[in-house]
Amino acid sequence: MKPKMTLKRIARELDVSISTVSKALHNDKAISQDTRNKIQAFAKFYNYRPNNIALSLKNKQTKTIGLIIPEIVHYFFAKVMAGVEGVASEKGYNVIIGVSNESFDKEVINMEMLVNGSIDGFIMSLSKETLLKQDYHHLNEIINQGMPIVMFDRVAHEIVCDKVVIDDTKGSKRAVQKLIDTGCKKILLLTTQDYINIGRLRTQGYIEALQANGMDPSPDLIYKIEHLSDDDLLRKSLEKELNIIFDQQPDIDGIFAVNEIYAITALNVARERGLNIPTDLSVVSFSDGVLSQNSRPSLTTVSQHGLEMGRAAAKMLIRKLEIEEEEETFDTKVIKTVVIERDSTK
């Protein structure tokens, strides 16, 4: 059985560039007749058929970047968008934004629409459903056809591409250490299910911080929240669960939440139960967004530096598009976090 052939593989087998292969398959006269004949014969033998993805390679640049995000209303993703837009504008690129709404199918459809001659490469954060399914065929297909991808925040380490992340585990350790340093002895963790990489890493940071201080992580204090597509349903469900947790463990004196929605919900429940923040209960959250800054009391948070992350991702992608490398390499840029202290901690 003949192996599945891609532009990248043809280029490697014939020791030419992907751009040369693409031009030859489109009978571009800029490529010599001998080279065109050789490439076309090789492609025919292996039953290679160009698809829509192959139309957006470097030889036909559109100067447009595709940005795929899971949510449009999330402050963090809005800051990433601003960072990407800023660098793209500086470099003469446009940005087309697609929103997956945490859906695997929508993520795939968005990418299929954009690769049809519309963009030169992708910057993206994976949907929760994609991470749950661990189905990355659409990403591999695009990369195999020579189109670069830069992932940020929610990434798949199985995919070989450039990535921009924050130090999730270290950031969580700093957040939990802040709670411990201010006297918290029983700290509740509000986190995601483990298939979401950032939640898993932040959970690990929580555990490591407790262990470093001689505190035993209790499964009863780690609450992994099921994803619900409707934010109102999520908040109501979390409010109900938090009341049960507080009834069972009224001596909880600290909460670390992996995102600000969880943290704000915890603040609301605590106030309704008559708890004083931060005298009775201290709260720290990831994501220094508008909700954190304007909640009452304002939230102590771990900054995610969305603007910096977006700028870094755009620079990495544009560099890939504009500089031909003899040997392709891939980098992971880790952006350091800081704890921003506000009124929800002592």
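The structure presented is a predicted model; accordingly, all values stated were derived computationally and were not measured.

Criteria and thresholds
Residues numbered from 1 in each chain as written. Predicted model: local features only at pLDDT ≥ 70, side-chain atom pairs only at ≥ 80, totals over all residues. Heavy atoms only, no water. Helix = DSSP H or I, 4+ residues; strand = E, 2+ residues; numbered from the N terminus. Buried < 20%, exposed > 50% of the residue type's maximum accessible area, 1.4 Å probe, protein only. Contact = heavy atoms within 4.5 Å. Areas by Shrake-Rupley, 256 points an atom, 1.4 Å probe, with all protein chains shown as cover. Lys, Arg positive; Asp, Glu negative; His and termini not counted. Charge placed at Lys NZ, Arg CZ, Asp CG, Glu CD. Salt bridge = Lys/Arg side-chain N within 4 Å of Asp/Glu carboxyl O. Pairing = 2+ DSSP bridges. Right-handed = clockwise from strand over helix to strand, strands pointing away. Expected span 1.5 Å × (residues − 1). Axes fitted to C-alpha atoms, helices over the stretch in contact; angles between N-to-C directions. Parallel < 35°, antiparallel > 145°, perpendicular 65-115°, else oblique. Left-handed = near helix turned anticlockwise from the far one by under 90°. Phe/Tyr/Trp six-rings, centres within 6.5 Å; stacked < 30°, edge-to-face > 60°. Polar contact = N/O pair within 3.5 Å; in protein donor to acceptor, adjacent residues only side chain to side chain.

1. Notes on the overall build of the protein
Phase 1 of the analysis: Scanning the protein from N- to C-terminus turns up 13 helices and 12 strands.
Phase 2 of the analysis: On the principal axes, the C-alpha backbone points of the protein span a range of 80 × 45 × 35 Å.
Phase 3 of the analysis: In the protein, which comprises 346 residues, the proportion classed as buried is 51%.
Phase 4 of the analysis: In the protein, the share of contacts with a sequence separation of at least 24, taken over all contacts with a separation of at least 6, comes to 75%.
Phase 5 of the analysis: About 16,100 Å² of surface is accessible on the protein, with carbon and sulfur atoms providing 48% of the total.
Phase 6 of the analysis: Treating the 44 positive side-chain charges of the protein as one cloud and the 48 negative ones as another, the clouds have centres 5 Å apart.

2. Points about the pattern of salt bridges
Phase 1 of the analysis: One pass over the structure, following the stated rule, counts 13 salt bridges.
Phase 2 of the analysis: Measuring nitrogen to oxygen at the nearest pair gives 3.0 Å for the salt bridge that ties Asp162 to Lys320. Taken together, the residues span a long stretch of sequence, with Asp162 in strand E5 (residues 162-166) and Lys320 in helix H13 (residues 306-322) at a distance of 158 residues.
Phase 3 of the analysis: On the basis of relative accessible area, Lys320 is assigned to the buried category, the value being 10%.

3. A short note on the pairing of strand E2 (residues 94-99)
Phase 1 of the analysis: When strand E1 (residues 64-69) meets E2, the two strands line up parallel, connected through six bridges. Each residue of the ladder has a partner; that of Thr64, found in E2, is Asn94.
Phase 2 of the analysis: Crossover connection from E1 via helix H4 (residues 75-90) to parallel E2: handedness right-handed.

4. So, helix H11 (residues 260-272)
Phase 1 of the analysis: Taking 1.5 Å per residue as the helical rise, H11 with its 13 residues ought to reach 18 Å, and the 18 Å between its terminal C-alpha atoms agrees with that figure.
Phase 2 of the analysis: All of the buried residues along H11 are Glu260, Tyr262, Ala263, Ile264, Thr265, Ala266, Leu267, Val269 and Ala270.

5. Points about the packing of helix H10 (residues 231-248) against H11
Phase 1 of the analysis: At a closest axis distance of 10 Å, the pairing of H10 and H11 adopts a crossing angle of 55°. Our classification of the angle between H10 and H11 gives oblique. Crossing geometry of H10 relative to H11 is assigned as right-handed. Note on element contacts: H11 touches H10 through Ile261, Tyr262, Thr265, Ala266 and Val269, opposite Leu234, Arg235, Leu238, Glu239, Leu242, Asn243 and Phe246.

6. Examining the sheet that holds strand E12 (residues 339-340)
Phase 1 of the analysis: Sheet architecture is open: six strands sit in the order E7-E6-E8-E9-E10-E12, paired in mixed fashion. Strand pairing shows two members of the sheet lacking a second neighbour, strand E7 (222-225) and E12, which therefore form its edges.
Phase 2 of the analysis: Relative to E7, H10 is tilted by about 160°, and along the sheet it contacts strand E6 (187-192), E7 and strand E8 (254-257).
Phase 3 of the analysis: Relative to strand E9 (residues 282-286), H11 is tilted by about 160°, and along the sheet it contacts E6, E7, E8 and E9.

7. Considerations on the packing of aromatic side chains
Phase 1 of the analysis: For the structure shown, the criterion picks out five aromatic pairs.
Phase 2 of the analysis: Here Phe42 and Tyr46 contribute two aromatic rings whose centre-to-centre distance is 4.8 Å and whose plane-to-plane angle is 45°, an arrangement assigned as tilted.
Phase 3 of the analysis: Judged by its relative accessible area of 23%, Tyr46 is partly exposed.
Phase 4 of the analysis: Ring geometry for Phe256 against Phe286: centres 6.2 Å apart, planes inclined by 55°, an arrangement best described as tilted.

8. Section: the environment of Met124
Phase 1 of the analysis: Mapped onto the elements of the fold, Met124 is located in strand E3 (residues 121-124).
Phase 2 of the analysis: Remark: the alpha-carbon pair of Met124 and Ala313, spanning 189 residues in sequence, is separated by 9.1 Å.
Phase 3 of the analysis: When neighbours within four sequence positions are excluded, Met124 is seen to be in contact with Ile68, Glu107, Met111, Leu139, Ile149, Val150, Met151 and Phe152.

9. Things to note about the side chain of Lys178
Phase 1 of the analysis: In this fold, Lys178 is placed in helix H8 (residues 168-181).
Phase 2 of the analysis: Engagement of the side chain of Lys178 in a polar contact is seen with the side chain of Glu341, the distance being 2.9 Å.
Phase 3 of the analysis: Setting aside its immediate chain neighbours within four residues, Lys178 contacts Glu341, Thr345 and Lys346.

10. Regarding the pairing of E1
Phase 1 of the analysis: Burial analysis of E1 places six of its six residues in the buried class, which makes it a mostly covered element.
Phase 2 of the analysis: By the alternation rule, side chains of E1 split into Thr64, Gly66 and Ile68 and Ile65, Leu67 and Ile69, which are all buried.
Phase 3 of the analysis: Two elements, E1 and E3, share four bridges in a ladder whose sense is parallel. From the neighbouring strand, Gly66 faces E3, where its bridge partner is Phe122.

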